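# A closer look at the structure
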Amino acid sequence: MAAKKKTSAQQPTAKKAKLASKASAPKSTAAKKPTSKAAPKTSAAKGSAANKAASKVTAAKPKPAKAAKGTPVSFAGPLLANELGRVIVRLPDAASKQLPSRGQVAVDATVKGHAFQTVLEPDGDFGHFMNVDDALRRATGLAPGDTVAVEVVPSGEWPEPDVPGDLRDALTDASADIRDLWRVITPMARWEWVRWVNETKNAGTRQKRVEVSIDKLRKGKRRPCCFNLASCTDPELAKSGKLALR
C-alpha cells in the first residue's frame, strides 16, 4: 500500500528550521575582546610636554617697584644745556619708572648735600627730567657737562608754580570770586593751569588759553581739560610734546 504523502502543514520550511536551530543552540560564553586603550603617558612624556609648553612662555622681566611717598629714588646723569641757557638732568628709565606718575611728580631733592623742593617734569616719552636752575648751580658749583648724583623723595607737598605774566595779569584783573577760587585750589591744580597755558608757542593760541582759563575758573572749574599730562609742556624745551634736549 502506498505511503500517505505529508501535507505542507506537516513539512517545516527551511526558514523555520533555521530559526529553530538558532533558538536551541546555546549562547557562546566567549568573552568579548577588549578594546585597546591608549597607554597612560609616562612621567617622561609628561615632562616633555611641560617643557614644550614652558618654552613657549617668555619669562616676564621684573618691573622696578614704584616708590611710595617718602621712599628715596637715586640716580646720576650729565647736565644738559640748550642754546637758551636752560640746564636739566634726565632721569634714567629705571629711576623714572619708580616714580608714582608719568606726569609731574613733586619731590624733595638733594644734590651735593643741598636740599630743595622741586617738581620733576615729564619728557613726553614716559620719562622725566629735572630742571637745574641758576640758583642750584651756584649752590652746588655744577656746570653743564658735569655728572650729577641726585636723590629724590616723592612728596605730597607741591611747591607753587611760577605763574606766567599774561596769566597773572588776567587773574589780577578778574573778579574776586575767580581770584578766591585760584587761591583755594591745590598747588598741583595751579601747576596744571600754568602748564596748559605754556604748552603752546603760538601767541594767538596762548592768549586764547588765558581767556579760556579765566572763563573756566568763573564757571567753577578747578582744572583745565583735555591735554596730555605726560607730555613735555615747557615751551623752551619741548618740541611736539616731547623733550627736545637729549
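Here is what the cut-offs are and how they apply
Residues numbered from 1 in each chain as written. Predicted model: local features only at pLDDT ≥ 70, side-chain atom pairs only at ≥ 80, totals over all residues. Heavy atoms only, no water. Salt bridge = Lys/Arg side-chain N within 4 Å of Asp/Glu carboxyl O. Helix = DSSP H or I, 4+ residues; strand = E, 2+ residues; numbered from the N terminus. Buried < 20%, exposed > 50% of the residue type's maximum accessible area, 1.4 Å probe, protein only. Pairing = 2+ DSSP bridges. Axes fitted to C-alpha atoms, helices over the stretch in contact; angles between N-to-C directions. pLDDT = per-residue confidence, 0-100. Contact = heavy atoms within 4.5 Å. Expected span 1.5 Å × (residues − 1). Left-handed = near helix turned anticlockwise from the far one by under 90°. Nonpolar A, V, L, I, M, F, W, Y, C, P; charged D, E, K, R; others polar. 1 Å grid on protein atoms, 1.4 Å probe; cavity = no way out; pocket = protein on both sides within 12 Å on 5 of 7 lines; lining within 4 Å. Points joined across faces, edges and corners; volume = space filled by probe spheres on them.

## Focus on the pattern of salt bridges
Enumeration over the complete set of coordinates arrives at 12 salt bridges. A salt bridge links D166 to R206, with the nearest nitrogen and oxygen atoms 2.5 Å apart. Residue D166 is found in helix α5 (residues 165–173), and its partner R206 is found in helix α8 (residues 203–218); the two are separated by 40 residues along the sequence. Among the residues examined, D166 registers a relative accessible area of 26% and is labelled partly exposed. D215 is the partner of R218 in a salt bridge, and the nearest nitrogen-oxygen pair spans 3.3 Å.

## Brief notes about the sheet that holds strand β6 (residues 147–154)
Here six strands make up a closed barrel; going around it, the order is β1-β2-β5-β4-β3-β6 and the pairing antiparallel. When the angles between neighbouring strand axes are averaged without regard to direction, this sheet yields 40 degrees. Where strand β3 (residues 105–111) lies against strand β4 (residues 114–122), seven bridges are found, and the strand directions are antiparallel. Bridging across to β4, A109 finds its partner in F116.

## Some words on the confidence of the model for the protein chain
On average, residues of the protein chain score 83 in pLDDT, and 72% of them reach the 70 mark or higher. The model gives residues 1–17 a pLDDT under 50, and that stretch makes one contact with residues more than four places away or in other chains. The low-confidence segment residues 28–34 (pLDDT under 50) makes zero contacts with residues lying over four places distant or belonging to another chain.

## Some details on helix α7 (residues 187–198)
Over its 12 residues, α7 extends 16 Å from the first C-alpha to the last, a length consistent with the 16 Å expected when each residue adds 1.5 Å. In terms of burial, α7 is largely enclosed, as 10 of its 12 residues are buried. Taken together, the buried positions of α7 are occupied by A189, R190, W191, E192, W193, V194, R195, W196, V197 and N198. Where α7 is buried, its residues touch β4, α5, α6 (176–184) and α8.

## What to know about the pairing of β3
Regular strands place their side chains on alternate faces of the sheet. Taken across its seven residues, β3 has five buried, putting it largely inside the fold. Once β3 ends, the chain turns through two residues before running back antiparallel as β4, passing K112 with a positive phi of about 50 degrees. Relative to β6, β3 is paired through five bridges, and the arrangement is antiparallel. If you follow T110 over to β6, its bridge partner there is E151.

## Observations regarding the packing of α5 against α8
Running from N to C, α5 and α8 cross one another at 35 degrees; their axes reach a closest spacing of 10 Å. For the pair α5 and α8, the crossing hand works out as right-handed. Along the contact surface, α5 presents D166, L167, A170 and L171, while α8 presents R206, V210, S213, I214 and L217. Considering only residue class, the contact of α5 with α8 consists of six nonpolar, one polar and two charged.

## A closer look at the layout of surface pockets
Of the voids in this model, the largest pocket is the one considered here, and its volume is about 640 Å³. Along the wall of the largest pocket there are 22 residues; nearest its centre are R86, E121, N131, D162 and W191. Sorting the residues of the lining of the largest pocket by element identifies β4, α4 (134–140) and α7 as the ones contributing at least two each. Per element, the largest residue contribution to the lining of the largest pocket is six residues, and it comes from β4. In terms of residue class, the lining of the largest pocket is made up of nine nonpolar, six polar and seven charged. Of the volumes computed, that of the second largest pocket is approximately 230 Å³. Within the residue set of the lining of the second largest pocket, elements represented by two or more residues are β3 and α7. Counting residues per element, the lining of the second largest pocket draws most heavily on α7, which supplies four residues. By residue class, the composition of the lining of the second largest pocket is eight nonpolar, five polar and three charged.

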